[in-house]
Amino acid sequence: MNGSPVLPPTVDLHCDSILFHLDRRRDLTVWSDEGHLDLPRMREGGLDAEVFAVFVHPATHAPGRRLLVARAGLAGLARLCEEAPGVVRALSPDELERGRAEGRLCAIPAVEGGHALDGDIGRLEELHALGARVLTLTWNNSNELGRSSMEPDGTGLTATGREAVRRLNALGMVADLSHAAPETFYDALEVSTVPVICSHSACRALRDFPRNLDDEALRLLAGQLDGPLAAGRQLNLARLQRVSLVLDMLEDFEAKRLQVDAQVADGGRRDTLALRD
């Protein structure tokens, strides 16, 4: 309809699906009811863009080989975008908007786990050159950058981790704090001069799981981003047996959204997360 407002793109911030495509367990160009998503289901669901995480398992890949695995994963995602019709890598906001205007699905490359750097933050430049625009600082394991939510010991970012966040800011890459220990989360917010994300975390009050965020962390996160809070897989919706509990969840998220809106109306800051070239 002419005169209708142009809505922002619909973007999901995390999936592991590219791993299954690269090892040939799945073909993401074919519809399936398995896994997080595939390209046909992205279209069916009206999803404009997806952040595809290249995960480097710290137990499977020894130090010294992890960067090689990240390189191969990013190259594989690039090949998928070149070969699959109607798909494009989006490495900047302009590329995302252009891909969306052309009716193409957009793939934003990411690397999950700062251990892929093996403590050398100079490797961020290489990952950026290969297309990575998001880095999850930790996974279930702690690493040279900081403590994981699964291994909390009261510490957060290391000196190397603080420098890594600054380098991410300079490169225009996004720091993803899902899997980060609370101290790592707060340290990263203190160091970063641009918004951060928690791509696959949810609300600790609704499910007490290490990756999930308490109310204070959610308020800080929502206060720097434009858009509603979203519940991740860790809510374990399959275990919710009563409709009333689901309704309570929705009411809780709406209440938190209204609190954020009230803070903004009272002079708070809400920045739109933007990737840069």
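Draft legend 1. Quick peek at the packing of aromatic side chains. One pass over the structure, following the stated rule, counts 2 aromatic pairs. Judged by centre distance (4.6 Å) and plane angle (50°), the ring pair of Phe 55 and Trp 139 falls under tilted. Of this pair, Phe 55 sits in strand β2 (residues 49-55) while Trp 139 is found in the loop between β5 (134-136) and α6 (159-171), placing the two residues 84 residues apart along the sequence. A residue is classified by how much of its surface remains accessible, and Trp 139, at 18% relative accessible area, is buried.

Draft legend 2. Quick peek at the pattern of salt bridges. Counted by the stated rule, this structure contains 15 salt bridges. We note a salt bridge from Asp 120 to Arg 123, for which the minimum N-O separation is 3.7 Å. Assessed through its relative accessible area of 25%, Arg 123 is described here as partly exposed. Here the salt bridges share partners, and the residues they tie into one network are Arg 66, Asp 118, Asp 120 and Arg 123.

Draft legend 3. Geometry of the nonpolar core. One finds Phe 52, Leu 124, Leu 127, Leu 135, Leu 137 and Leu 177 to be the most contacted residues of the largest nonpolar core, which totals 50 residues. Taken together, the elements giving at least two residues each to this core come down to α2 (39-45), β2, α3 (66-83), β4 (105-112), α5 (123-129), α6, α7 (182-191) and α8 (215-224). Sequence-distant contacts of Phe 52, defined by excluding residues within four places in its chain, comprise Cys 15, Ile 18, Leu 28, Leu 37, Met 42, Leu 77, Ala 107, Ile 108, Pro 109 and Ala 110. By size, the runner-up hydrophobic cluster in this structure holds 11 residues, among which are Val 51, Val 88, Leu 96 and Val 174.

Draft legend 4. Looking closely at unusual backbone geometry. Phi at Arg 24 is positive, roughly 65°, even though this residue is not glycine. One can find Arg 24 in the loop between α1 (17-22) and α2. For Arg 24, a relative accessible area of 76% gives the class exposed. In this structure, Asp 118 is a non-glycine residue whose phi angle is positive, near 50°. If you trace the backbone, Asp 118 turns up in the loop between β4 and α5.

Draft legend 5. Seen up close, the side chain of Asn 169. The topology assignment puts Asn 169 in helix α6. Within the structure, Asn 169 has its side chain in polar contact with the backbone nitrogen of Thr 193 (distance 3.0 Å).

Draft legend 6. Quick peek at the packing of α6 against α7. Across the interface, α6 lies against α7 with an axial gap of 10 Å and an inter-helix angle of 45°. One element, α6, and the other, α7, form an angle in the oblique class. For the pair α6 and α7, the crossing hand works out as right-handed. Note on element contacts: α7 touches α6 through Asp 187, Ala 188, Glu 190 and Val 191, opposite Arg 162, Val 165, Arg 166 and Asn 169. Class assignment of the residues belonging to the contact of α6 with α7 gives a composition of 3 nonpolar, 1 polar and 4 charged.

Draft legend 7. Focus on the packing of α7 against α8. Between α7 and α8, the least distance of the axes is 11 Å, while the angle of their chain directions is 25°. Between α7 and α8, the angle falls in the class roughly parallel. Taken as a pair, α7 and α8 cross one another with a handedness that is left-handed. Here Phe 185, Tyr 186 and Leu 189 of α7 come into contact with α8, specifically with Glu 216, Ala 217 and Leu 220. A per-class count over the contact of α7 with α8 returns 5 nonpolar, no polar and 1 charged.

Draft legend 8. How the structure looks around the confidence of the model for the protein chain. Taken over all residues, the pLDDT of the protein chain has a mean of 84, while the share at 70 or more is 79%. The low-confidence segment residues 226-247 (pLDDT under 50) makes 32 contacts with residues lying over four places distant or belonging to another chain. Across residues 269-277, where pLDDT falls below 50, the model places 36 contacts with residues more than four positions away in sequence or in other chains.

Draft legend 9. Layout of the pairing of β2. Most of β2 is tucked away: 7 of the 7 residues are buried. When strand β1 (residues 11-15) meets β2, the two strands line up parallel, connected through 3 bridges. By the bridge assignment, Val 11 is partnered in β2 with Ala 49. As judged from the 7 bridges shared by β2 and β4, these two strands associate in the parallel manner. Note on β4: the bridge partner recorded for Glu 50 is Ala 107.

Here is what the cut-offs are and how they apply
Residues numbered from 1 in each chain as written. Predicted model: local features only at pLDDT ≥ 70, side-chain atom pairs only at ≥ 80, totals over all residues. Heavy atoms only, no water. Phe/Tyr/Trp six-rings, centres within 6.5 Å; stacked < 30°, edge-to-face > 60°. Helix = DSSP H or I, 4+ residues; strand = E, 2+ residues; numbered from the N terminus. Buried < 20%, exposed > 50% of the residue type's maximum accessible area, 1.4 Å probe, protein only. Salt bridge = Lys/Arg side-chain N within 4 Å of Asp/Glu carboxyl O. Core = buried A, V, L, I, M, F, W, Y, C linked by side-chain atoms within 4.5 Å. Contact = heavy atoms within 4.5 Å. Polar contact = N/O pair within 3.5 Å; in protein donor to acceptor, adjacent residues only side chain to side chain. Axes fitted to C-alpha atoms, helices over the stretch in contact; angles between N-to-C directions. Parallel < 35°, antiparallel > 145°, perpendicular 65-115°, else oblique. Left-handed = near helix turned anticlockwise from the far one by under 90°. Nonpolar A, V, L, I, M, F, W, Y, C, P; charged D, E, K, R; others polar. pLDDT = per-residue confidence, 0-100. Pairing = 2+ DSSP bridges.

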